[in-house]
Amino acid sequence: MNTIIRKSMLSVAGLAFAGGVFAGPIAAHANPVDAKPAAAAVQSSAPKPQGDQSHIALNDEQTANVKAIIAATKKAGLPERAAVISIATSLQESKLENLGHLGDKNDHDSLGLFQQRPTSGWGTPEQITNPEYSTTAFLKGLKQVDGWQDMPLTDAAQTVQVSAYPDAYAQWEQQATDLVGQHWNS
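Conventions used here
- Residues numbered from 1 in each chain as written.
- Predicted model: local features only at pLDDT ≥ 70, side-chain atom pairs only at ≥ 80, totals over all residues.
- Heavy atoms only, no water.
- Helix = DSSP H or I, 4+ residues; strand = E, 2+ residues; numbered from the N terminus.
- Buried < 20%, exposed > 50% of the residue type's maximum accessible area, 1.4 Å probe, protein only.
- Contact = heavy atoms within 4.5 Å.
- Areas by Shrake-Rupley, 256 points an atom, 1.4 Å probe, with all protein chains shown as cover.
- Phe/Tyr/Trp six-rings, centres within 6.5 Å; stacked < 30°, edge-to-face > 60°.
- Salt bridge = Lys/Arg side-chain N within 4 Å of Asp/Glu carboxyl O.
- Polar contact = N/O pair within 3.5 Å; in protein donor to acceptor, adjacent residues only side chain to side chain.
- Axes fitted to C-alpha atoms, helices over the stretch in contact; angles between N-to-C directions.
- Parallel < 35°, antiparallel > 145°, perpendicular 65-115°, else oblique.
- Left-handed = near helix turned anticlockwise from the far one by under 90°.
- Nonpolar A, V, L, I, M, F, W, Y, C, P; charged D, E, K, R; others polar.

**Focus: the overall build of the protein**
Item 1. Within the protein, the secondary structure is distributed over 7 helices and 0 strands.
Item 2. In the protein, the succession of helices and strands from N to C terminus is α-α-α-α-α-α-α.
Item 3. Counting all 186 residues of the protein, 33% fall into the buried class.
Item 4. Intrachain contacts of the protein at a sequence separation of at least 6 include 59% that bridge at least 24 residues.
Item 5. Here the protein has roughly 11,400 Å² of accessible surface; of this, 56% comes from carbon and sulfur atoms.

**Overview of the packing of aromatic side chains**
Item 1. The full count for this structure, using the stated rule, is 1 aromatic pair.
Item 2. Plain terms: the ring middles of F114 and F138 are 4.9 Å apart, the flat faces sit at 10° to each other, and that makes the pair stacked. Of the two residues, F114 is situated in the loop between α3 (80-94) and α4 (125-128) and F138 in helix α5 (residues 131-143); the sequence distance between them amounts to 24 residues.
Item 3. When its relative accessible area of 0% is taken as the criterion, F114 is described as buried.

**Points about the pattern of salt bridges**
Item 1. Tallying each qualifying case throughout the model produces 2 salt bridges.
Item 2. Across the salt bridge formed by E132 and K75, the nearest N and O atoms sit 2.8 Å from each other. Placement of E132 in helix α5 and of K75 in helix α2 (residues 60-75) is noted, with a sequence separation of 57 residues between them.
Item 3. Using a relative accessible area of 66% as the deciding quantity, one classes K75 as exposed.
Item 4. Residues R81 and E173 are paired through a salt bridge, measuring 2.9 Å at the closest nitrogen-oxygen approach.

**A short note on the side chain of Q116**
Item 1. Here Q116 shows up in the loop between α3 and α4.
Item 2. Given a relative accessible area of 1%, Q116 falls into the buried group.
Item 3. Among the polar contacts listed, one links the side chain of Q116 to the backbone oxygen of S134, at a separation of 3.1 Å.
Item 4. When near neighbours in sequence (up to four residues on either side) are disregarded, Q116 contacts D109, S110, L111, W122, I128, S134, A137 and F138.

**So, the packing of α3 against helix α6 (residues 153-161)**
Item 1. Direction vectors running N to C along α3 and α6 enclose 70°, while the axes themselves pass 10 Å from each other. Relative to α6, the element α3 lies roughly perpendicular. Relative to α6, α3 is oriented so that their crossing is right-handed. Residues R81, V84, I85, A88, T89 and E93 of α3 form the contact with α6, whose own contacting residues are L153, A156, A157 and Q161.
Item 2. Partitioning the contact of α3 with α6 into residue classes produces 6 nonpolar, 2 polar and 2 charged.

**What about α6?**
Item 1. Within α6, 7 of the 9 residues are buried, which leaves it mostly tucked inside the rest of the structure.
Item 2. In the core, the buried residues of α6 are packed alongside α3, α5 and α7 (173-183).
Item 3. Of the residues flanking the end of α6, it is V162, one or two places downstream, whose phi is positive at about 55°.

**Some words on the side chain of T89**
Item 1. Its place among the elements puts T89 in helix α3.
Item 2. Setting aside its immediate chain neighbours within four residues, T89 contacts F114, F138, A157, Q161 and Y169.

**Thoughts on unusual backbone geometry**
Item 1. Backbone geometry places K95, a non-glycine residue, at a positive phi of 55°.
Item 2. Tracing the backbone shows K95 in the loop between α3 and α4.
Item 3. In this structure K95 comes out as partly exposed when scored by relative accessible area, which is 31%.

If you want it as structure tokens, here you go:
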């Protein structure tokens, strides 16, 4: 009798675990109506960065690419948050370097600041390696994400990029925020 009870308990625990594993990703993106207390409804315009933050020193080319991303964001009529997401994405994908074909080191046919792929419909190799074009293409994808302005940076970037490393974008949020603050009005 004890064996039957023990097996039943293990089965229930296993089902609960499996349900959590499979429902977890879905539940993480659910948007319950009353999920936030009233006091938490007021947020600052810039969310706090998630997790440990990375930082790299930028050379002149990388700084020029930051300015190109900001200019394309302004031209698209989007706010500073869009530039922060774009710069953080580019920091993760290329360290703000406009990468051409990398030969055997290349991830498929990924090119440019955002490692966009011509075979995935992002544009021609010439277009993708143009910082204004590639940023505009990224922003076009971002604008199609419902609620991108209020979601964590890494979720917004991942929805556009569909990366094998979806959480990697978050580590660049502080540097991207600082760069936008430094160059938005210059």
